[in-house]
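For reference, the chains in residue letters:
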Amino acid sequence: MSEMAIRAQFVILHQSGTIDSEESEDLLDPRFNVKYEEFFQIIADTPNVEVVDITVVRPVKIIITKKLLSTCTNNKADIIFIIGDVESTEKRYANKAIETVTVDRKKLSTDLINLMTNMEKKLKEITHYKYGIRNKTLFINLSGLNNDKRECFTAILDMLPNMTHLIHENETQRPSLSDIACSFNDEFPKQGKDKDANENLETSSVSLTSSQSSLTENMNHNPNNCHKELFRTIPLEEALDILNQIAQAGMDKINHESVKIKDAYGRVLCENVHLNCCVPPFRTSYKHGYAVSVKDGKGLRRVQEGENRFPPLPLQPGTCVWVNNGAPIPNGATAVVPEKDTKPLKKSPNNDSKYIEILIEPNCGQNIKPIGFDICSKKNNIILKKFTRIGPEEIGLLTACGCKNVTVAKQLSMGVLSIGDNLEEPGEPLKPGFVYDINRITLISLLKHNSYSPLDFGIVNNKCSSIREKIEKALERVDILVTTGSINDKDLLKIILTKYLKAEIHFGNVDIKPGKSTALASCMFNDETKYFLCLSGNPTSAFIAAHMFLLPFVNHLHCDLSAGPVAISVQTNPRNALFLLHHRRRLAWADLEFDDTKKITKASGMDSFSKDKLCNMVCSNALLLLPKRKQGEKLLPETNNTTALLIDYPRKLIKLLPYRLRPNSALKKVQHKYKI
């Protein structure tokens, strides 16, 4: 491909069910070759345009979003055209996927915005469309039943070279955080209180652009402001978007392994599991009773002697066979009559045979489970889909189908490290000014609760050489390192990561409270990618940030695409507690309960002013995402509908159900009535 060639990728949307898989890389499918042959021929004849990929995907938002993120993250294409003869509903899914991954237009250069405005004018004359930009990739949705793809492509063809050039230029001019960080390491330690830090943080020589030099010059006047400028505070949505993007790139590289069913709990499937056999594989009895032929009707029956076995005894006319629940049904039997609907008769002195009387008229198929009653053959025989997290129910299903091993995502190793000079191990006597290390134990327990096995790297004092040595030793053993402490703007951790480990800080501050200083970083160590999730030393902040960032990140890395807090709309209940607002969006612990009278979910705070207290998380089942404080406003209005993020404690979510549906609700009523 020539230097100026435009790399084009085409994503073809097809109606659900026309192709069995979520994504098909088979470009020989005649259905698509015939339909788009002329269109692709025009593109092939266009100078400086090379088709790097043609993919067929289902018109589902999450699938399209995943494809777009994967392409722009790995810089596989300059332009992605979404095409396909789909209905307006499916087209909207593609539009929403583009909106999800697109960066804010305000971040684009003026020249690029002007060129995109011209493109808008041309396309508006032809079709309804949607476009967006992320990293160095342009997305254009030209799907729909009435769109002439050839006319659309021809209309904007002359703009594409200049547009791709401006997109690349727009990305190139954005400063690299890791490069700028190294440029002022010689200034930063002078403000520190730690002599060890001054001795170990050395000056790096870096070539700077004019904008970077200006930034460094401003920082030299006040080095304490360095991190505030370098690691800008970004909105929560942007931080989660970056986190998902990094996780998606890591997920694409994760290895797979085969494990036995008994060891598969909590793991995530990396391939579809197909049905080996129907369950049950033969007809079985639904109840204890007598297997009979419906043709014989009700009346006298001779009970066939002999134990029912497999293959079952054939049923003789005018006879019946006793069967237990789950036992195979004899050949010729068409119903099972429960014992309560029969009457035993006394044996005749001259005959050893046992007789019973059938008291009801049996119906065909009565109390008989047909073949495949529990698990039947489905389309493609898929019983569990790829990316399913395996729980007790899934293990039962796999075992019933005779599966011995399953292919799952190989678990990345992870560990937790606490940083601080005043931390003590639980159970030890506290020295003056010391506190117990809550974060490390809490985070390890949270990860174990979610089927991970983190290593405990203990406590390290807040000195540069100590932190650096401890992190390097940890990275020899783990792929993901979770740290707490030394992460604020004036602390050491971010400088150590950027200077010594050459890590890239993907985000360094998030516009939320608590958890503002949360950071995500990655680096190459011994030719392997390592990830850092750096949390505050404050226990409340660290635990909230773990739910918002840590769990979604590690789950996504392990192919669990359903990862992330579940959001619902709730109504606050200020009579129970008042929710304080902040100039940043605030996450507050809350207790959700379903109001059976008003048919709504209400949120109550854990104390009179619902502050960020450690004890509040114990009885909470959700985090409220409160809006920013407006001028003159201190408390959340009484009738405000607020977003609540559910916390993964199923036993605590029972109160969200209507009272009549809650487990043991009838028993509780009896206990209350009789004061048990």
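Computed from a prediction, not measured in an experiment: that's the story for all the values here.

**Q** Explain the packing of aromatic side chains to me, and be specific about the residues and the numbers.
**A** What characterises a pair of aromatic rings is the spacing of the ring centres plus the angle enclosed by the ring planes. The final tally for this structure, using the stated rule, is 6 aromatic pairs. Judged by centre distance (5.1 Å) and plane angle (70°), the rings of Tyr 290 and Trp 322 are edge-to-face. Here Tyr 290, found in strand E11 (residues 289-292), pairs with Trp 322, found in strand E13 (residues 319-323); they are 32 residues apart in sequence, far enough to count as distant. A cation over a ring is seen here: Lys 431 above Phe 434, with NZ or CZ 5.5 Å from the ring centre. Note that Lys 499 overlies the ring of Tyr 500, its terminal NZ or CZ placed 5.4 Å from the centroid.

**Q** So what's going on with the pattern of salt bridges? Residues and values would help.
**A** Under the definition given, this model contains 18 salt bridges. Linking Arg 7 and Asp 78 is a salt bridge whose minimum nitrogen-to-oxygen distance equals 3.1 Å. Taken together, the residues Arg 7 in strand E1 (residues 6-13) and Asp 78 in the loop between helix H2 (61-73) and strand E4 (79-83) connect sequence positions 71 residues apart. The class for Arg 7 is buried, based on a relative accessible area of 16%. Given a relative accessible area of 5%, Asp 78 falls into the buried group. Put simply, Lys 530 and Glu 528 hold a salt bridge, and the shortest N to O gap is 3.3 Å.

**Q** Account for the environment of Ile 113, naming residues and giving values.
**A** By secondary structure assignment, the location of Ile 113 is in helix H4 (residues 110-124). C-alpha separation for the pair Ile 113 and Met 163, spaced 50 residues apart in sequence, amounts to 9.6 Å.

**Q** Would you mind going over the nonpolar core in detail, with residue names and values included?
**A** In this structure, Phe 507, Phe 549 and Phe 553 are the most contacted members of the largest nonpolar core, which totals 42 residues. Residue assignment for this core shows that the elements contributing at least two residues are helix H11 (236-251), strand E20 (414-419), helix H13 (438-449), strand E24 (480-484), strand E29 (528-535), helix H16 (539-557), strand E31 (585-595) and strand E33 (622-626). Residue contributions to this core peak at 12 residues, all from H16. Aside from chain neighbours lying at most four places away, what touches Phe 549 is Leu 236, Ala 239, Leu 240, Leu 243, Phe 507, Val 510, Ile 512, Thr 518 and Leu 533. In terms of nonpolar packing, the next biggest core, distinct from the first, is built from 33 residues, Ile 12, Phe 40, Ile 133 and Met 159 among them.

The rules behind the values
- Residues numbered from 1 in each chain as written.
- Predicted model: local features only at pLDDT ≥ 70, side-chain atom pairs only at ≥ 80, totals over all residues.
- Heavy atoms only, no water.
- Phe/Tyr/Trp six-rings, centres within 6.5 Å; stacked < 30°, edge-to-face > 60°.
- Helix = DSSP H or I, 4+ residues; strand = E, 2+ residues; numbered from the N terminus.
- Lys NZ or Arg CZ within 6 Å of the ring centre and 35° of its normal.
- Salt bridge = Lys/Arg side-chain N within 4 Å of Asp/Glu carboxyl O.
- Buried < 20%, exposed > 50% of the residue type's maximum accessible area, 1.4 Å probe, protein only.
- Core = buried A, V, L, I, M, F, W, Y, C linked by side-chain atoms within 4.5 Å.
- Contact = heavy atoms within 4.5 Å.

So, to be careful, I would describe these as geometric facts and stop short of saying anything about function.
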